[in-house]
Amino acid sequence: MKTTYNVLSLDGGGLRGLITATLLERIEAAVPGFLASVDLVAGTSTGGILALALAQGLPPFRIMKMYLDEGPKIFHRSLGRKIGGLLGLREAKYDNDGLKEVLQSVFGDDKLKDLGKRVAVTAFQLDDQQAAPPTWRPKVYHNYPGKDSDGEERAVDVALRTASAPTFFPSSDGYVDGGIFANNPSVVALAQALDPRSQPGKTRDLSCIRLLSVGTGENATCLPGGRLDWGVGQWAVPLVDVLLDGVAGIADFQCQQILREKYFRLQVELPSGRKIPMDSVDDLTLMLQIGQQATILPTAKWVQSSGWTT
């Protein structure tokens, strides 16, 4: 009888989700039964799409094919949007029509309650009309039982909301990318796994949790200068990356301190001096190679020694 509660947490990162899917495919090959033993899969943005797809039962190689085949459709920028958007200053860089079409083909009309695993997917609601007064707030979609369950939500809608990265895509149904507060959703996943509202009549504590966090690759990025006296125009573009990278790092630190040896983080280094943006269609082959060549042996050993599959 399995005594662990296994949580898989997947970062945001646009097309670099191809790296994540490739890593998961290789871990499954090294430790058969790894994915079948996942109890909760959490994700943000592209990690949210991955989480929903894995919970639906799609194998990683199918998800890899989706990125490779459909990436150019998702991140297609029309001439009209290039011109009308004044290089992205007045409107999002991309429309989300291609993303909607791809997600619809993957999830159809399945609801969160129809998925084969528990999920926790982040988004950020820009205008919560139920609050008094109305305000913006973080949102974690999940399909656990209970009064706050989102089981009736369509997977395609949740996927579109979590992937609506500001400046890249328009908001969806009043939501934007959950990377605003949890680009690395590990702590969100841990809290969801321990939430007593999600397990009526049961108790789950830290001793049984095993948490594997997988990133989409780390760009070595910095902003040189001792005093950056910038305004809105200069901060607008780098601030998105600063926010996403910053929250990912603190989540890793928090999980290390809380779970110790019951936690493992797999994050690959991207090629030195080569920044790979989340929408870089031209780098899909490179992303595949990074995922195929990255070292997964320490991760596989941790999975085996943690009791994940026993």
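This text follows the structure it describes.
About the cut-offs
- Residues numbered from 1 in each chain as written.
- Predicted model: local features only at pLDDT ≥ 70, side-chain atom pairs only at ≥ 80, totals over all residues.
- Heavy atoms only, no water.
- Helix = DSSP H or I, 4+ residues; strand = E, 2+ residues; numbered from the N terminus.
- Rg over C-alpha atoms; globule rule 2.2 N^0.38 Å.
- Buried < 20%, exposed > 50% of the residue type's maximum accessible area, 1.4 Å probe, protein only.
- Contact = heavy atoms within 4.5 Å.
- Areas by Shrake-Rupley, 256 points an atom, 1.4 Å probe, with all protein chains shown as cover.
- Lys, Arg positive; Asp, Glu negative; His and termini not counted.
- Charge placed at Lys NZ, Arg CZ, Asp CG, Glu CD.
- Core = buried A, V, L, I, M, F, W, Y, C linked by side-chain atoms within 4.5 Å.

(A) Structural detail: the overall build of the protein. Along the protein, the regular secondary structure elements total 11 helices and seven strands. Taken over C-alpha atoms, the radius of gyration comes to 19 Å for the protein, in line with the 19 Å a tight globule of 310 residues would show. By its C-alpha atoms, the protein is 60 × 50 × 45 Å across when sized along the principal axes. Burial status across the protein gives 51% buried among its 310 residues. The long-range fraction of contacts in the protein, counting pairs at least 24 apart against all pairs at least 6 apart in sequence, stands at 77%. Accessible surface computed for the protein: about 14700 Å², of which carbon and sulfur atoms make up 55%. Across the protein, 32 positive and 34 negative side-chain charges occur, with their mean positions spaced 3 Å apart.

(B) Here's a closer look at the nonpolar core. Counting residues in hydrophobic clusters, the biggest one holds 68 residues, and the most contacted among them are Leu8, Phe34, Val41, Leu52, Ile63 and Phe107. Broken down by element, the residue count for this core peaks at seven residues, all from helix H2 (residues 46–56). In this view, leucine 52 contacts Phe107, Leu112, Leu115, Val119, Val121, Ala155, Val158 and Ala159; residues no more than four positions away in its chain are not counted. One finds Val7, Ala120, Ala189 and Tyr263 within the second-largest nonpolar core, a separate group that totals 15 residues.

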